[in-house]
Each structure stands twice: as structure tokens, then as C-alpha cells.
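# Structural characterization, general
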Amino acid sequence: MAADETTTPEPRPVPLAPLPDHRNVHTPWWQELWRRHAHVITPLRARGLQCDIEFGLNTYNVRVSLPDDSYLIISPPQEPSSERPPGDPEGWIATREHPDDQTLFEVIYDSAPTNDPGAHQRPEAHHGGSAPPLIEAIDHRLAQLGLLPHPAFPHESPHVHPARPTPPPEARDAPGTPRGGPVYVYGDALRELTDRLNGAESHADAAALLHQILDPINGLLAQLGEFFEAAGEKAKEAEEDDGFDLSYDLADAAAEIRNLSEVLHVAEDRMRALTPFTPAPRLPSTPANASPLPPWPLPPASPKAAPPGRRTP
């Protein structure tokens with residue numbers, strides 16, 4: 001390495017905040033709720049904030065403990081109650097409260113939609129149930145209050161850390177569990193979306209998940225096109241000629257993604273219009289006095305065939 005070259009030391013990994021200290025963490029229903037809220041909980045735990053899941057008025061909420069003994073409640077809209085699954089609401093509401101100071105009540109974020117034309121709608125309402133804007137707003141406000149245990153590094157996104165999330169105790173040392181390496185917040189979020197799609201109970205639920213990908217403004221494909229376009233502009237800032245070549249490749253990728261979005265723009269409506277497959281009705285049972293069907297001739301048994309009741313290896 002040349003004498004005038006310098007390197008920027010990588011920051012030490014930041015451990016995740018501990019899991020809640022109660023027995024419910026080992027129950028399947030709690031682990032399923034945790035998985036459904038992982039896209040909200042994981043980046044907050046990466047900030048050193050302890051999170052828990054509790055049941056509110058009629059929804060499951062994420063409770064975040066803060067260093068000054070106050071706490072955040074991150075919840076879907078309480079009224080009217082929603083039929084959407086936990087962790088995938090129409091919008092998020094994040095408030096800061098204190099158990100001993102009833103005057104402390106602050107709305108940090110509110111993207112819940114409203115159909116009341118006279119109601120005040122906050123600017124973040126267009127984000128709907130998207131988690132990254134929620135995390136960014138919380139991150140910004142807690143940084144203002146000095147309540148972030150682990151501030152962001154200058155080169156990082158406000159809610160992305162180089163440390164890989166620590167798996168819960170029941171998953172540690174499991175086969176295939178990595179012990180280190182980079183974190184892939186967005187890949188994990190998309191993987192979770194795929195899991196939700198696999199477990200969707202109706203085509204309407206599947207269409208709602210497709211909307212997260214295909215929405216022409218806030219969907220993944222639209223934002224991915226913006227991402228590659230921004231990457232192309234960044235490549236142009238380089239002195240090397242390859243910077244311009246790379247910018248063209250990235251611009252082509254952005255165009256292809258936008259074209260894919262246009263091709264699939266009606267896929268959500270087509271999915272919602274589908275009806276579930278109905279199995280063919282079972283034939284009525286044979287009456288007792290009916291003549292039995294003639295036996296179907298069986299092929300001769302192989303000399304090496306396994307005896308009845310046993311399976312060949």
C-alpha cells in the first residue's frame with residue numbers, strides 16, 4: 001500500500017439488545033409474533049433498545065424501553081380494528097409515554113390512513129405500513145432526545161448496522177446459523193414478505209403483499225429503480241472512465257426494473273380476482289347391496305419385494 005493511502009477502520013459490531021426476560025419467549029405463538037414484527041424490532045434492537053410484544057386494546061403492539069424509563073408504543077391503528085395480520089398494518093403509530101409522568105405523551109410517527117375529510121392527516125400517512133420510514137422517524141427523535149444507546153455511524157443508514165442480528169436463544173448454535181458477517185436488513189425483510197405470501201390464507205391477502213412490491217410509488221420495484229438510478233449517478237462522480245460505463249449499466253438496470261413494474265402493474269388486481277381451488281366432491285359410497293367391481297389384475301411380485309407392512313430402504 002502506498003504511503004499516502006489511508007484506510008478507515010471499520011466500527012466494532014454493536015450487539016443487539018437482550019430479549020425480554022419472561023418465559024413467553026419460548027412459546028410458539030410469541031415466537032410467531034416476534035417473527036411477524038422482526039422488520040420493526042430488529043433495527044431497534046440494533047440500536048441497543050430492548051423490545052417486547054404486548055396486546056393493546058385490540059392489536060399486538062411493540063413496546064420499546066428507553067434509557068430514561070419512558071417507553072415507546074408502536075402499534076397499528078386501534079380504531080377501527082383491522083383484519084390485517086399482525087405486523088402488516090395499514091399504518092403505524094409510534095408514541096412516547098412515561099409510567100410515572102402522565103403529562104408526557106408524544107406522537108412521534110403516525111402513518112395510519114383516515115377517511116375523515118375533516119381529520120388532520122400527518123405527512124407520513126403516504127408511507128402506510130412501510131417500516132423503514134417508521135424506524136427513521138424514531139431514530140431521528142430519539143437522537144434529538146439523547147436516548148439512543150448506540151448512535152448511527154456517519155456512513156450508515158439510520159437503521160442499518162454492520163453487526164449481524166443475534167439469533168434468539170432457541171436458535172443459537174443451530175445448524176446453518178452464521179456466527180458473523182454482514183447484516184442484510186432488506187434481504188431479510190423481503191424474505192419475511194415471501195414467508196407471509198407462502199402462508200397467505202386468501203388470494204386477497206396475497207394481493208396485498210403483491211402491492212408492497214408493485215405499488216408504482218412506494219413499492220419495492222419502484223424504489224429499486226430509484227436505487228439503481230442513484231447508484232448510476234454516484235458512479236459518474238468517479239474519475240475513472242469505468243465510472244461512466246458503470247453508470248450506463250446501472251441506468252439500464254433501472255429501466256429494466258421499471259419496465260418489469262409496468263408489465264406486472266395489473267398482477268395485484270388479477271391475484272385478488274382469483275378464487276380458491278375447490279376440490280372435486282367425493283363420490284358417494286358404494287351401497288351395501290351393489291355388486292363389487294371385478295378385481296384388477298396385479299403384476300407378479302418381485303422375488304426381492306419387501307414383505308407386507310415393511311418398506312424397502
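Each value, and the rule that gives it
Residues numbered from 1 in each chain as written. Predicted model: local features only at pLDDT ≥ 70, side-chain atom pairs only at ≥ 80, totals over all residues. Heavy atoms only, no water. Helix = DSSP H or I, 4+ residues; strand = E, 2+ residues; numbered from the N terminus. Buried < 20%, exposed > 50% of the residue type's maximum accessible area, 1.4 Å probe, protein only. Polar contact = N/O pair within 3.5 Å; in protein donor to acceptor, adjacent residues only side chain to side chain. Contact = heavy atoms within 4.5 Å. Expected span 1.5 Å × (residues − 1). Salt bridge = Lys/Arg side-chain N within 4 Å of Asp/Glu carboxyl O. Pairing = 2+ DSSP bridges. Axes fitted to C-alpha atoms, helices over the stretch in contact; angles between N-to-C directions.

### Comments concerning the side chain of E268
With respect to the helices and strands, E268 occurs in helix α8 (residues 267–273). By relative accessible area, E268 is classed as buried at 16%. At 3.0 Å, the side chain of E268 and the side chain of H211 are in polar contact. Ignoring sequence-local partners within four residues, the contact set of E268 consists of A207, L210, H211 and L214.

### Topic: helix α3 (residues 131–145)
For α3, with 15 residues, the first-to-last C-alpha span of 21 Å sits near the 21 Å given by 1.5 Å per residue. Every buried residue of α3 is accounted for by A131, P133, L134, I135, I138, D139 and L142. At its buried positions, α3 is contacted by α2 (38–46), β3 (71–75), β4 (93–97) and β5 (105–110). With its phi angle positive at about 70 degrees, G146 sits one or two positions after the end of α3.

### Observations concerning unusual backbone geometry
Of note, the phi angle at D69 is positive, near 75 degrees, even though the residue is not glycine. On the secondary structure map, D69 appears in the loop between β2 (60–65) and β3.

### Notes on the pattern of salt bridges
Taken as a whole, this structure holds 16 salt bridges when the rule is applied. A salt bridge links E106 to R141; the shortest N-O distance between them is 2.6 Å. In this pair, E106 sits in strand β5 while R141 sits in helix α3, placing the two residues 35 residues apart along the sequence. A residue is classified by how much of its surface remains accessible, and R141, at 24% relative accessible area, is partly exposed. Among the salt bridges present, the one from R196 reaches E192, with a minimum N-O distance of 3.1 Å. On the criterion of helical spacing, the pair formed by R196 and E192 is a turn pair, its members being four residues apart in helix α4 (residues 185–198).

### Points about the environment of E79
If you trace the backbone, E79 turns up in the loop between β3 and β4. Spatially, the C-alpha atom of E79 lies 9.8 Å from that of T59, the residues being 20 residues apart in sequence.

### Overview of the sheet that holds β4
The antiparallel open sheet is built from five strands, whose spatial order is β1-β2-β3-β4-β5. Only two strands of the sheet have a single neighbouring strand rather than two, namely β1 (51–55) and β5. Here the strands of the sheet are splayed against their neighbours by 25 degrees on average, with no regard to which way each runs. When β2 meets β3, the two strands line up antiparallel, connected through four bridges. Residue pairing across strands places S65 opposite Y71, the latter belonging to β3.

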